[in-house]
Amino acid sequence: MDDLLKSYSAAIETLFAHTTSGIKPGLERTEALLAKLGSPHRRLSAVHVAGTNGKGSVVATAEALLRWKGLKVGRYTSPHLVDFRERITVDGTPITEEAVLDFLESWIPAAEEMGATFFELTTALAFEWFVKQNVDIAVVETGLGGRLDSTNVLTPRVATVTSIGLDHMDLLGDTLEAIGEEKAGIFKSGIPAVIGEQSPPIRSLLASRASGCGAQPIVVIDDEYEIRGVEVSSRGTAFTLRHGDHRQRVTTPLIGAYQARNTTVAIATVAVLGKEYLAPAGEISRALSKVFLPGRFQRREKVIFDVAHNPAGARTIAETLRVLNPPKPRIALVAVLADKDWRGIIQEIAPVVDNFLFTIAPSAPAERKWDPAEARDFARAEGFDADMEPDMDAALARGEKRAGTLLITGSFHTVGDAMSRLQVSPFAA
């Protein structure tokens, strides 16, 4: 087993090193790679989910609902927190190390030859694994954007866009409209489209794009569902959901007022597949009790992990902290990638924490590592109590010792590095 682990670790390192690490939009390389594998994506029944924020929650919730009905469900997400295998699971069980190793040994040379990216090769691995495992349905999250994301080779059973926010502006455009156009690229003729966006103008743009490409039916959450009476506690989020003449109380273990909308988007997505896919109204909360999503307001004793990496995500953290009012002093241990709006993130979190401790995520790519001293100086200039400790181990020790509540946030790298050091598993117990 030790030899396998060494080989698996080496294979993952090779995957990172020998495939193009940058972003190369376009579906040609993914199609070419999948063709060599016998085009497994053409044999997959899939739910496809895009969005700036909320897509991880929607994917996890849809997976739980489908599994409740006894279906064998694949889940493909990105990025991972601690272990690469988090990205590819079947009924919650990660792909085996042997399978990853065998695939990479077989296909890295071909991937190198065609200039395939890390994500393109990983997508091919996921789709092949799901077919080999005979999944009934796969819930697939886009990596970046939608139109040119390599997962968009799928012809899904339903395509869902959760929300539109300003993120990845260098690649997707610098306006909400431009980013919305990219995300709407997953809508397809004759395929149901579900739209979760709250903002009326962007919602209209998404509906227009769905209509323009012939998507059918088009389900706009705010037109067909009503969310009322949201209650957030340390145990989860409860709300009343109305659809047509039917009202029901729904509870999810995911924490945060925004999870009421994410849960509704997932319910609508599964409902579009057909009545046989969605649990009866009286069973939905029990089905949702199985939802597990690491790194989204995940609590372990006095530590809260949240992968928020843009101001909108940080705002939802702040709202949830206000509601739950966890013990003080509250210290935010933060490391953000340099190309993100870290100033906006700091400003959103500042009102609900007592102190910032800025650090560096060891796994962050060298070219994207931020300067915690610059963040500290900015925070202090804004009038916030802030310090820095570039070494994450030292920062964690300091935060755990001093905090009544320790919030760890800023990126997947930050949360994943902290979870591995604190020995918190990214997999459901």
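Anything mentioned here points back to the structure above.
Residues numbered from 1 in each chain as written. Predicted model: local features only at pLDDT ≥ 70, side-chain atom pairs only at ≥ 80, totals over all residues. Heavy atoms only, no water.

Regarding the overall build of the chain
Along its length, the chain carries 16 helices and 17 strands. Computed over C-alpha atoms, the radius of gyration of the chain comes to 21 Å, within 12% of the 22 Å expected from 2.2 N^0.38 for 429 residues, which places it in the range of a compact globule. For the chain, the spread of C-alpha atoms along the principal axes amounts to about 55 × 55 × 40 Å. Counting every position in the chain, which comprises 429 residues, the buried fraction comes to 58%. Sequence-distant contacts in the chain: of pairs separated by 6 or more residues, those separated by 24 or more amount to 73%. (Helix = DSSP H or I, 4+ residues; strand = E, 2+ residues; numbered from the N terminus. Rg over C-alpha atoms; globule rule 2.2 N^0.38 Å. Buried < 20%, exposed > 50% of the residue type's maximum accessible area, 1.4 Å probe, protein only. Contact = heavy atoms within 4.5 Å.)

Focus on the environment of Phe-412
Along the chain, Phe-412 turns up in helix 16 (residues 412-421). The exposure class of Phe-412 is buried, given its relative accessible area of 12%. Sequence separation between Phe-412 and His-309 is 103 residues, and the spatial gap between their C-alpha atoms is 7.9 Å. Once you skip the residues sitting within four places of it in the chain, Phe-412 turns out to touch Ser-78, Pro-79, His-80, Leu-81, Arg-296, Val-307 and His-309.

What about the sheet that holds strand 16 (residues 386-388)?
Taken in spatial order, the six strands make up an open sheet running 12-13-17-14-15-16, and their pairing is mixed. What marks the edges here is a single partner per strand, and that holds for strand 12 (298-300) and strand 16. Within this sheet the neighbouring strands show an average axis-to-axis angle of 20°, counted without direction. Of the strand pairs in this sheet, strand 14 (residues 330-334) and strand 17 (residues 405-409) are connected by five bridges, and their pairing is parallel. By the bridge assignment for strand 17, Arg-330 is matched with Thr-405. Contacts from helix 13 (residues 342-349) reach strand 14, strand 15 (355-358) and strand 17, with the element oriented near 150° to strand 15. (Pairing = 2+ DSSP bridges. Axes fitted to C-alpha atoms, helices over the stretch in contact; angles between N-to-C directions.)

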